[in-house]
Structure formats: structure tokens, C-alpha cells
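Each chain, written out:
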Amino acid sequence: MSLYKQPDYWSVKAKKEHYPARSVYKLQEMDEKFGLSSPNAARKSETVKILDLGAVPGSWSLYALRRLGKRAFILGVDISPLSPDYDRGLFEGDHYCFLQGDMTAGEIKQAIVAQGPFHLVMSDAAPGTTGNSGVDTFCSLTLAEAALEYADRTLLRGGNFVVKVFQGRDSSGLLKDIRERFKTGKSFKPQACRRTSFETYYLGLDKLG
Ligand SMILES: C[S@@+](CC[C@H](N)C(=O)[O-])C[C@H]1O[C@@H](n2cnc3c(N)ncnc32)[C@H](O)[C@@H]1O
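Residue numbering note: each chain is counted from 1, following its sequence as written. Given that this is a predicted model, residues contribute local features only at a pLDDT of at least 70 and side-chain atom pairs are listed and counted only at 80 or more, while totals for whole chains, interfaces and linings are drawn from all residues.

### Let's talk about the overall build of the protein chain
Convention followed: Every helix listed is a DSSP run of H or I at least four residues long, and every strand listed is a run of E at least two residues long, numbered separately from the N terminus. Comment: burial labels come from other C-beta atoms within 10 Å of the residue's own C-beta, placed from the backbone, where a count of 20 or more is buried, 12 or fewer is exposed, and between is partly exposed. A pair of residues counts as a contact when their C-beta atoms, built from backbone coordinates, are separated by no more than 7 Å.
Of the regular secondary structure elements, the protein chain holds 7 helices and 7 strands. Along the protein chain, helices and strands appear, N-terminal first, in the series α-α-β-α-β-α-β-α-β-α-β-α-β-β. Summarising its shape, the C-alpha atoms of the protein chain cover approximately 50 × 40 × 35 Å along the three principal directions. Every one of the 209 residues in the protein chain was classed for burial, and the buried ones make up 38%. Restricting to contacts in the protein chain with at least 6 residues of sequence separation, those with at least 24 account for 67%.

### Focus on the sheet that holds strand β5 (residues 155-166)
This is how it is decided: The criterion for strand pairing is that DSSP finds at least two bridges linking the strands in question. Axis definition: a line fitted to C-alpha atoms, limited for helices to the stretch in contact. Angles are taken between N-to-C directions and run from 0 to 180 degrees.
Taken in spatial order, the 7 strands of this open sheet run β3-β2-β1-β4-β5-β7-β6, and their pairing is mixed. With one partner strand each, in any of the chains shown, β3 (96-100) and β6 (182-188) form the two edges of the open sheet. Put simply, the sheet's adjacent strands are angled 10 degrees from each other on average, direction ignored. Pairing analysis gives 4 bridges linking strand β1 (residues 48-53) to strand β4 (residues 118-123), with the strands arranged parallel. The residue of β4 that forms the bridge with Ile-50 is Leu-120.

### Some thoughts on the nonpolar core
Threshold: By convention the nonpolar core is taken to be a set of buried residues drawn from Ala, Val, Leu, Ile, Met, Phe, Trp, Tyr and Cys and joined through C-beta atoms within 7 Å.
In this structure, Ile-50, Leu-53, Val-121, Ala-147, Phe-161 and Val-163 are the most contacted members of the largest nonpolar core, which totals 54 residues. A per-element tally of this core places helix α6 (residues 133-154) first, with 7 residues. Leaving out residues up to four positions away in the same chain, Leu-53 has contacts with Val-77, Met-103, Met-122, Ser-123, Ala-125, Ala-147 and Tyr-150.

### As for the packing of α6 against helix α7 (residues 171-181)
For clarity, the threshold we go by: Reported orientations rely on four angle classes, namely roughly parallel under 35 degrees, roughly antiparallel over 145, roughly perpendicular from 65 to 115, and oblique for the rest.
Following both chains from N to C, one finds α6 and α7 inclined at 10 degrees, their axes separated by 10 Å at the closest point. Here α7 runs roughly parallel to α6, going by the angle between their axes. Of the residues in α7, those touching α6 at Thr-137, Leu-141, Ala-144, Glu-145 and Leu-148 are Ser-171, Leu-174, Asp-177 and Ile-178.

### Thoughts on the site of the ligand
This is how it is decided: To decide nearness, the C-beta atom of each residue is placed from the backbone, and the residue is near a molecule or strand if that atom lies within 6 Å of it. Each residue gets one of three labels, nonpolar for Ala, Val, Leu, Ile, Met, Phe, Trp, Tyr, Cys and Pro, charged for Asp, Glu, Lys and Arg, and polar for the others, Gly among them.
Surrounding the ligand, one finds 23 residues, the nearest of these being Gly-54, Val-56, Ser-59, Met-103 and Asp-124. Elements with a contribution of two residues or more to the shell around the ligand: α3 (59-68) and β2 (72-78). For the shell around the ligand, the class distribution of residues is 14 nonpolar, 6 polar and 3 charged.

### A short note on the pairing of β5
Applicable threshold: Seen with its strands pointing away from the viewer, a crossover is right-handed when the path leading from the first strand over the helix to the second is clockwise.
In terms of burial, β5 is a largely internal element, 9 of the 12 residues being buried. Sheet topology note: the β4/β5 ladder contains 5 bridges and is parallel. Paired with Ser-123 across the bridge in β5 is Val-163. With α6 bridging β4 and the parallel β5, this β-α-β connection has right-handed handedness. Summarising the sheet, β5 and strand β7 (residues 199-207) pair through 6 bridges and their orientation is antiparallel. Residue pairing for β7: Val-162 is matched across the bridge by Leu-203.

### Thoughts on unusual backbone geometry
Residue Pro-57 is bonded to the preceding Val-56 through a cis peptide linkage, with omega at 15 degrees. Its place among the elements puts Pro-57 in the loop between β1 and α3. A cis geometry characterises the amide bond from Gly-116 onward to Pro-117, with omega recorded as 0 degrees. Within the secondary structure layout, Pro-117 lies in the loop between α5 (106-115) and β4.

Take a look at the structure:
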């Protein structure tokens, strides 16, 4: 059995707590540490509008739906279809909308922008890996840059941003771009990231006007 196929602490916990993927604990840790889902842009009684890019199989969306309850409105986007089976009540309710398509494609961009503005833009989107780290980091950076473009176009002032990136030669430029747009920009690797993985997350907190 390969290292990735062995059920680890986070996978077992996800199964027990009815989440489709262990990645939920990466978001949970960042949310608890940095208050991602309570952006300065949203007043206490207001609906918190979230754009979840690369949403399938749905753990990040489900976390936000469970955490915010009726205060949430989430637009999930993925190139693959979403199976709502994990929590039909939440995924098929009024607080969730799913758009299937390539987040870098023109017509999907238009459809997403039309649903904005958002208080939180989060992207866990990742390319299928090839094993060639140069190719994989390039594809990951392309997705991360597209996510930042959504933050530019749809995120409210005071809103928060989080994006997954495979670390490589050019990824530090992205962090610099984030720092120019947000009060705080930082890199953070949650505990639930696999030790062998070269993924990390860049955060932008409190979007500047
Ligand atoms: C690591 S998974 C996301 C896991 C998700 N956050 C969760 O917690 O369930 C990465 C996702 O990015 C999606 N993805 C990759 N390229 C994409 C693209 N160009 N447009 C939209 N989604 C994409 C994949 O289909 C995959 O579902």
C-alpha cells in the first residue's frame, strides 16, 4: 500500500465527521487562526458570500455551510461535477450554488463575476499532477493567479482571500502581489498538509480599497 493510500489521522477524522475529504482540516485551521470566514467586510448580521474555487468533492464548502449556517451563501466552482450525497440538505438548499466548468475559461469567469461581490474568495484548486515538478508548479501557479484575478474583480474591500499553491521558483511573486492588495499577506502550511507535499497556502487578509 502506498503512503497516500494508508488512512491517516485526518482521513479517519474526516470520515467520522462526515466530510468528503481530509482537506477540510486545512481550511478549519486557517479559519480558526486567521478568521477567514469572519471578514471585516461582512457586518455581523449580514450574509457572508463565499466563492469556493476547486470545490469538489466539497469539504471546504461543507465546512463553511456548517460553520455559518443561514448566514452563508456559497458559490462552488469546479471542472468536475459535485456529488451532493455527503449532505444533500446543505448542498441542495438555498445557501449553495454550484457551477461546473474551468475557472480559467472566459464564459465561467463571466458567470462567476455576475454572482459577486464576495466577502471571501478561497481556492483549493489544484491541477492533476504529472510528477514533473516544473510542470506541476506552473499549472498550480496559473490556477492561483486566476484565483487572485477573481479576488481583484469580485472581493469586497475588507474581504479575505486564501489560495493553494505548489511552491516553486515563481510562486513568491504571487505572494508579493497579494501583499500589495491586502493589509496582511502571508504564507501558511496547515498541519493537515501531507509532509511530503510541496503545497502551501497564501493568505490575503483585509482587502485594501
Ligand atoms: C484538492 S481538490 C479540492 C478539494 C476541496 N477543497 C475539498 O475540500 O473538497 C482540487 C480541485 O481543483 C479542481 N480543479 C483543477 N483545475 C481546475 C480548473 N481549471 N477549474 C476548476 N476546478 C479545477 C479539481 O477538479 C479538484 O476537484
